[in-house]
Amino acid sequence: MAKIELVDIAHSYDGGETFALKKLNMTWEDGKAYALLGPSGCGKTTLLNIMSGLIRPSEGKILVDGVDITDKPTEERNIAQVFQFPVLYDTMTVRKNLEFPLKNRKVPAEKINERVAHIADLLDLTDDLDVRPGKLRSDLQQIVSLGRGLVREDVAAILFDEPLTVIDQSFKWTLRNRLKRLHLKTGVTLVYVTHDQTEALTFADDVLLMRDGEVVQVGSAEDLFLNPSHEFSGYFIGSPGMNFMEATVTDGVVEAHGVAVGKATDSSLSGPHRLGVRPEFVEPVSRGGLDFSVTKVENRGGFQLAQLKLADQTIMAKLAPDVAIAEGDTQQFRFVPEKTYLFKDERAVGALKSTQSGVQK
Amino acid sequence: MSLQLRDVSLSDQSGDLLYNISSTFEKGMNVLVGPTLAGKTTLMRVMAGLVAPSSGEIFLNGEDITKTTVRDRSVSFVYQQFINYPAMSVFDNIASPLKVSPEKPSKEAIRERVEELAELLGLTPLLKRRPSQLSGGQQQRVAIARALARKSDVVLLDEPLANLDYKLREQLRDELQSLFSGADNVVIYSTAEPAEALDFGARTFVLSEGRVIQEGPALGLYEHPSSVEVARVLSDPPINIVRSSQSASGGTFGGVSFSYDTSASKGQSEIHLGLQPHRIHLDRQDKTDVEFTGVVELAEVTGSETYLHLTLPTGEYAVVELDGAYPVDPDTTVTAYFNPADLHGFDVNSGAALFAPSRRGK
């Protein structure tokens, strides 16, 4: 168990012309679960590979408990990595696969048996120890890969590179559940790379949302959803993402498409902004709201998605399956105050103030 | 325009791959949904003419094309792993099927068609680039544009978005939907993801272990699955399935007895009850709600939703989907509620549906 620090880490694949990872300082607290989330090309895998030692960063250093390990090769770091595809020896049994990293390090046989039994127990693999991995379901193969990473006693962190990519939808739920429980049991630091928001949000204590080589926001799932500090958090988190509208603030009043939608929390705000509201916070009201025309309603099973129009702006509202709404209707909605944000240069600078307008249905 | 399969089966040395598939795919969007290894790609390869069925016939607009080779079928195929010619520009990639087509269109006609497709798929500013200079989503759009170039009668899209970012997938799904909503050709889109099938809301075919087990509009299948397998294929989070003892006046759920009309259980002493995770609540919504308890194994908070993974007193597992954040500690016992009107019933042995929720989300 250890504290891992990244100090002024940056990486360029082209000798400094462009940076796949821009300067980053980050401390990974011992025992926490982290996710690196972002679209492809955002630098998340580069960051992961720097931590595991597969890539030497062009700038900065990595410290584990204060010791500089930047120049240490992968095998000398006590950091394990689980890849997209299970990496296992199919000519060996699960047991032999688990023993392998220890045998390589010349651990005494007794100790090996003890560790393998412990890990098998932890991962519910005891019954599968004498079969070949190829005979197991893909999710169990990933569990075995994980076991290989965990079997060493001195593991400071386990890094996962999109480990659910090849796993069937229905098993993703159980595998994620197992990973999470394992984390609670072992307390080992986990860092998980994914472009799937649900995976990242459900897995991690803290999510690092990345874009273009930069960490845009770090926070819990709830933070990223409820308090996006950046437009990109609004866009990337949530499905569908946040609705954005051009808005102008004049004397504290926020106006979008010529319609006053509320007051700003910060009276010093003035001029053009972008207004962001999540589809979950476009709320039907019986009076005091804004008139929208309903242009489309889709029942997606667990929820309804309504397309609404305010002047020439189209926005989405996510509604419970039993809310009465029909295409062609004109209905009143409000933007839930304090959850509707004002952005300037992509950064959240304020929100709509809670004034009692609009009566919830 | 329609593609009709009559009793199509396929087997090879490894065993049976497709069983007696008799389905008709009409013009416009059709969705083929099923888990990995259900046979989606195999079925598409048979439709394309890349593999001949072991038995059965395939008709395109009433004409038997079973023996027509892939070359002579008017079919386009887009694979999960997008394939483009790396040495050609985006323009030449899209134009390539036109250049070799038997119709031998003029240069001018090719340019027009390529420009039209580029416009449709947002590729106009990228026509001079090489595929390697594009993002994954742009590359897949090029592959889709190439597949559409020849205006084939049948367009097969085999999990075309599976390798893309979540957000990009959302965006391309919307684009494909508007692209194909009024299509004259038969478009067949395969996916392993329930949300994707529900999102398209098109005519949907559920594939499981080489069989089409139910077909119809996506929402209809979600609400009225003909079997527990269909319910599973279309639910994410997975539908909760628990054993239930049945009596004349009610049944059990997770160790709790409650009364409801059991006439649909056909006198069976035990059935499986199905309950969608979002139909379980932590507070009573109605006086007819049934109260039960579970021990929280794990609470997953996504910000907008919380998934509670519960162990029921019977040892069975259930997942609850709640709006908002409920960070409940593991090992906490929670009281939860469901309404009998939201239950599905399935035969324990055959998995066939006995009843569906009587209360529908409006």
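The numbers attached to residues start from 1 for each chain and follow its sequence in the written order. Lettering of chains starts at A and numbering of ligands starts at 1, both following the order in which they are written. In view of the model being predicted, local features appear only for residues whose pLDDT reaches at least 70, and side-chain atom pairs are presented and counted only at 80 or more, with totals across whole chains, interfaces and linings using the full set of residues.

Chemist: I keep staring at the overall build of chain A and nothing clicks. Help me out?
Modeler: In terms of helices and strands, chain A carries 8 helices and 22 strands. Counting only C-alpha atoms, chain A reaches 75 × 45 × 30 Å along its principal axes. Any residue surrounded by 20 or more other C-beta atoms within 10 Å of its C-beta is treated as buried, while 12 or fewer makes it exposed and the intermediate range makes it partly exposed; C-beta atoms here are placed from the backbone. A total of 361 residues make up chain A; the buried ones form 45% of that total. Long-range pairs, those at least 24 residues apart, make up 66% of the contacts in chain A between residues at least 6 apart in sequence. Secondary structure elements follow DSSP: runs of H or I no shorter than four residues count as helices, runs of E no shorter than two count as strands, and numbering proceeds from the N terminus. Placing C-beta atoms from the backbone, we regard two residues as in contact once those atoms come within 7 Å.

Chemist: Help me understand the domain arrangement of chain A, please; the structure alone is not making it clear to me.
Modeler: Quite often, the size of an interface is put as the accessible area lost when its parts meet. Residues and elements named next belong to chain A. Where each domain begins and ends is defined by an automated method or by a domain database. Assigned domains within chain A: domain 1 (4-232) and domain 2 (239-355). Summarising the inter-unit geometry, the C-alpha centres of domain 1 and domain 2 are found 39 Å apart. Listed by partner, the interface residues are 6 residues for domain 1 and 9 residues for domain 2.

Chemist: Just to check I follow, could you spell out the sheet that holds strand β7 (residues 75-78) of chain B for this structure?
Modeler: Strand-to-strand pairing in sheets goes through backbone hydrogen bonds, with the strands running parallel or antiparallel. Residues and elements named next belong to chain B. Across the sheet, which stays open at both edges, the 6 strands sit in the order β7-β8-β9-β4-β10-β11 with mixed pairing between neighbours. Looking at strand neighbours, the two that pair on one side only are β7 and β11 (211-217), the edges of this open sheet. Averaged over all adjacent pairs, the angle separating strand axes in this sheet is 20 degrees, with direction ignored. Two strands qualify as a pair provided DSSP detects at least 2 bridges between them. Of the pairings in the sheet, the one linking strand β4 (residues 28-33) to strand β9 (residues 186-191) comprises 6 bridges and is parallel in character. For every element, the axis is a line fit to its C-alpha atoms; helices are fit only across the contacting stretch, and the angle between N-to-C directions ranges from 0 to 180 degrees.

Chemist: Just to check I follow, could you spell out the pairing of strand β8 (residues 154-158) of chain B for this structure?
Modeler: The two faces of the sheet receive side chains in turn, since in a regular strand these alternate between them. Residues and elements named next belong to chain B. Among the 5 residues that make up β8, 5 are buried, leaving the element largely enclosed by the rest of the structure. Side chains Val154, Leu156 and Asp158 of β8 all project onto a buried face; the interleaved residues Val155 and Leu157 project onto the opposite face, where all are buried too. Examined bridge by bridge, β7 and β8 share 4 bridges and lie parallel to one another. By the bridge assignment for β8, Phe77 is matched with Leu156. The pairing of β8 with β9 spans 5 bridges and is classified as parallel. For Leu156, the partnering residue across the bridge sits in β9 and is Ile188. Taken together, β8, helix α5 (residues 166-180) and β9 constitute a β-α-β crossover, and its handedness is right-handed. We call a crossover right-handed when, viewed with the strands running away from us, the connection from the first strand over the helix to the second turns clockwise.

Chemist: I would appreciate a short explanation of the environment of Lys172 of chain A in the present structure.
Modeler: Residues and elements named next belong to chain A. Among the secondary structure elements, Lys172 is positioned in helix α5 (residues 169-186). Sequence-wise, Lys172 and Asp139 are 33 residues apart; in three dimensions their C-alpha atoms are separated by 7.6 Å. Apart from residues lying up to four places away in sequence, Lys172 is in contact with Leu164 and Ile167.

Chemist: Where do I start with the confidence of the model for chain B in this structure?
Modeler: Reading predicted coordinates in detail is not appropriate for stretches of low pLDDT. Per-residue confidence from the predictor is reported as pLDDT, which spans 0 to 100. Of all residues in chain B, 99% have pLDDT values of 70 or greater, and the mean over the chain is 92. Predicted complex, confidence summary: ipTM 0.76, pTM 0.84.

Chemist: Just checking my understanding: could you explain the packing of helix α2 (residues 90-99) of chain B against helix α4 (residues 136-149) of chain B for this structure?
Modeler: Residues and elements named next belong to chain B. Interaxial distance between α2 and α4 falls to 7 Å at its minimum, and their mutual angle equals 25 degrees. With respect to their mutual orientation, α2 and α4 come out roughly parallel. Considering the relative orientation of α2 and α4, their crossing is right-handed. Residues Val90, Asn93, Ile94, Ser96, Pro97 and Leu98 of α2 form the contact with α4, whose own contacting residues are Val142, Ala145, Arg146 and Ala149. Each angle receives one of four descriptions, namely roughly parallel if under 35 degrees, roughly antiparallel if over 145, roughly perpendicular if within 65 to 115, and oblique otherwise. Should the near helix be turned anticlockwise from the far one by less than a right angle, the crossing is termed left-handed; should it be turned clockwise, right-handed.

Chemist: Honestly, the domain arrangement of chain B in this entry has me stumped. Any pointers?
Modeler: The domain boundaries assigned to chain B delineate domain 1 (2-227) and domain 2 (240-355). Taking only C-alpha atoms, the centre of domain 1 of chain B and the centre of domain 2 of chain B are 38 Å apart.

Chemist: Just to check I follow, could you spell out the interface of chain A and chain B for this structure?
Modeler: Counting from both sides, the interface comprises 36 residues of chain A and, opposite them, 35 residues of chain B. Looking at the side of chain A that touches chain B, the elements with two or more residues in it are α5, α6 (197-203), α7 (221-226) and β16 (290-299) of chain A. Per-element tally for the side of chain A that touches chain B: the top contributor is α5 of chain A, with 7 residues. Of the residues in the side of chain A that touches chain B, the class split is 13 nonpolar, 14 polar and 9 charged. For this classification, the nonpolar set comprises Ala, Val, Leu, Ile, Met, Phe, Trp, Tyr, Cys and Pro, the charged set comprises Asp, Glu, Lys and Arg, and every other residue, Gly included, is treated as polar.

Chemist: Mind showing me how you'd approach the pairing of strand β18 (residues 313-319) of chain A here?
Modeler: All names here are of chain A. The pairing of strand β17 (residues 304-310) with β18 spans 7 bridges and is classified as antiparallel. The residue of β18 that forms the bridge with Gln307 is Met316. From the end of β17 to the start of β18, which pair antiparallel, there are 2 residues, and Ala311 there has a positive phi angle of about 50 degrees.

Chemist: What's the story with unusual backbone geometry in this structure? I'm lost.
Modeler: With the exception of glycine, most residues fall at negative phi, and the peptide bonds are largely trans. Residue Pro240 of chain A follows Ser239 of chain A across a cis peptide bond; omega there is -5 degrees. The topology assignment puts Pro240 of chain A in the loop between α8 (231-236) and β11 (243-250). The omega torsion of the bond from Asp236 of chain B to Pro237 of chain B falls at 0 degrees, within 30 degrees of zero and hence cis. Residue position: Pro237 of chain B is located in the loop between α8 (228-233) and β12 (240-245). Even without a glycine there, the phi angle at Glu209 of chain B is positive, about 45 degrees.

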